[in-house]
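Architecture and fold: a report
Here are the chains, one letter per residue:
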Amino acid sequence: SAWSYFPAVANAFPPIAPTSLAPDGVARDATSPVVFSWRHRNGGDGARQSAYELRWSTNGGATWTSTGMVTSGAYEHTAPAGTFTNGTAVQWQVRTWGVTSVGPGAWSPSSTITFSAVPQVTLTAPPPVQMSVPLTASWTYVQANGSPQAQWEARLYAATGTDPTSPSGIVETRSGVGSETSTTFEYRIEDGAYYRVEVRAQSGAGLWSSWVSADTVVDLPLPAAPTVTGEYDLCTGTVVLHLGSLPPGMGSARSDILFST
């Protein structure tokens, strides 16, 4: 007989609420662009994302700002720098379309971003010429929104030869938690050698400052000439030399004594 047929009707469904929202629970600087991303989930009809809408509210407010329906299959949206304000918390959601005529799916659960300025660190030590040991790094910390320093990292490089702009490698790394703004390196620095110090700090919001650096050359002052007196020992026929004490502050953890006759 002839073939009989029935027209096949594909049912379309709204998508399920998107998942895997990012960023979530982190801090960002509002002076930089923010990239929102998510995962589209079809409603069982296999339809790919055809459009999305993203919305946000500030500090838990009831008023939402929306991008409107954006025709795109991309699972991300970039908000230009300056869209948000440092010192605020933003809750955001997204919903997507599969088959456009069916309508959008449900809104995703809210994710949160805290906007905060990146902290600024300025090195105040070491000086260009280091005239004492050991070597100490000191810095100032500033954060525009009043977020305190949470932790810090410091690195010491030994330079190659006499070129302070060409550090050969890290010889010591130090770190700490809290508001401390100085640290003393344990590495034994050498007279006449060049070193580079780098420091960065993290705010309580979780944002790190940029690394800041300072170059220094070690130029330790020569010790003062000691006084020497001789005492003749008649019994042994020898002379005992007595060295006068060095002036205060001229001592060091390690010293060498050279005699000449």
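Look above for the structure.
Residues numbered from 1 in each chain as written. Predicted model: local features only at pLDDT ≥ 70, side-chain atom pairs only at ≥ 80, totals over all residues. Heavy atoms only, no water.

Along the polypeptide, glutamine 149 turns up in strand β13 (residues 149-160). For glutamine 149, a relative accessible area of 8% translates into the label buried. In this structure the side chain of glutamine 149 is engaged in a polar contact, spanning 3.3 Å, whose partner is the side chain of tryptophan 139. In terms of polar contacts, glutamine 149 uses its side chain to reach the backbone carbonyl oxygen of glycine 178, at 3.0 Å. (Helix = DSSP H or I, 4+ residues; strand = E, 2+ residues; numbered from the N terminus. Buried < 20%, exposed > 50% of the residue type's maximum accessible area, 1.4 Å probe, protein only. Polar contact = N/O pair within 3.5 Å; in protein donor to acceptor, adjacent residues only side chain to side chain.)

Turning to the nonpolar core, a few remarks are in order. In terms of nonpolar packing, the biggest core is built from 19 residues, with Val121, Leu123, Trp139, Phe185, Tyr195, Val197 and Val199 touching the most fellow members. Mapped by element, the contributors of at least two residues to this core are β10 (120-125), β12 (136-142), β13, β16 (194-203) and β17 (212-218). (Core = buried A, V, L, I, M, F, W, Y, C linked by side-chain atoms within 4.5 Å.)

Next up on the list: the environment of threonine 114. In this fold, threonine 114 is placed in strand β9 (residues 111-115). On the accessibility criterion, threonine 114 (35% relative accessible area) is partly exposed. Counting along the chain gives 25 residues from threonine 114 to alanine 89, while the straight-line C-alpha distance between them is 4.4 Å. Non-local contacts of threonine 114, meaning those with residues more than four positions away in its chain, are made with Val26, Ala27, Arg28, Thr88 and Ala89. (Contact = heavy atoms within 4.5 Å.)

All we've got here are geometric facts, nothing functional implied.
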